[in-house]
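Read off the chains here:
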Amino acid sequence: MQIDELLTVLKERRSIRAFSGEAVSAEEIQMLLEAAQAAPSNSNRQGWKFLVIKNDGIKRQMADAVEQKVLELGRVIIDAELRAAFDSYARYLTFFTKAPVVIAALSKRSPSFLETISRETGMDLPIGTGQAELMSVSMAIQNLQLAAH
């Protein structure tokens, strides 16, 4: 792939919220997972797991759990402007139930190399240093999304 082709893919990728209902083949799912696993990771630990969910009942249970948390969070938002923004955004949190396949990305919480050194030396770490595994799974998700595009 040439750089101009790569840039086109990067620029054209969008978040999809409406699905055709067309089945996704096992080969396509495998290709997406391979793309995700090729992402860089903290200390090459590949601290992620991917769950492939096709069962509509399980997707509905996931959406129900998300909706419950949205309700809980919505109850504690006092500021009217923030509440309006939250309410308008909340509808985007469960559109995944209509997707033929959901690939849930999970990250392990593992101490980074720097966290180990910090414990040993007693030195403070910069804010965000402990997020290495989350950043790793985020890069894996981006690879997966680009491959899906």
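First, a word on what this report is: a plain description of the structure on this page. (Residues numbered from 1 in each chain as written. Predicted model: local features only at pLDDT ≥ 70, side-chain atom pairs only at ≥ 80, totals over all residues. Heavy atoms only, no water.)

### What about the overall build of the protein?
Stated precisely, the cut-off is as follows: Only DSSP runs of H or I reaching four residues or more are called helices, and only runs of E reaching two or more are called strands; each is numbered from the N terminus. Both definitions apply: the radius of gyration is a C-alpha atom measure, and the globule rule equals 2.2 Å times residues to the power 0.38. Accessible area is worked out with a 1.4 Å probe on protein chains only. A residue is then buried under 20% of its type maximum, exposed over 50%, and partly exposed in between. Note on definitions: a residue-residue contact is assigned when non-hydrogen atoms from the two residues lie within 4.5 Å.
Looking only at helices and strands, the protein has six helices and two strands in total. Listed by position from the N terminus, the elements making up the protein come as α-α-β-α-α-β-α-α. Taking 2.2 N^0.38 as the reference for a compact globule, 149 residues should give roughly 15 Å; the C-alpha atoms of the protein span a radius of gyration of 19 Å, well beyond that estimate. Once the C-alpha set of the protein is aligned to its principal axes, its extents read approximately 55 × 50 × 35 Å. Here the protein, with 149 residues, has 26% of them falling under the buried criterion. Of the contacts made within the protein by residues no fewer than 6 positions apart, 73% connect residues no fewer than 24 positions apart.

### Some remarks on the packing of helix H2 (residues 26-37) against helix H6 (residues 132-148)
What counts here: Note on geometry: axes are C-alpha line fits, over the in-contact stretch for helices, and angles between N-to-C directions span 0 to 180 degrees. These descriptions rest on fixed angle ranges, namely under 35 degrees for roughly parallel, over 145 for roughly antiparallel, 65 to 115 for roughly perpendicular, and the rest for oblique. For a crossing to be left-handed, the near helix must be turned anticlockwise from the far one by less than a right angle; the clockwise case is right-handed.
Between H2 and H6, the least distance of the axes is 7 Å, while the angle of their chain directions is 140°. Between H2 and H6, the angle falls in the class oblique. For the pair H2 and H6, the crossing hand works out as right-handed. Along its contact with H2, which presents Met31, Leu32, Ala35 and Ala36, the element H6 presents Ala140, Asn143, Leu144, Ala147 and Ala148.

### Some thoughts on the environment of glycine 47
Looking at the secondary structure, you find glycine 47 in the loop between H2 and strand S1 (48-53). Linking glycine 47 and arginine 109, residues 62 residues apart in sequence, is a C-alpha distance of 7.8 Å.

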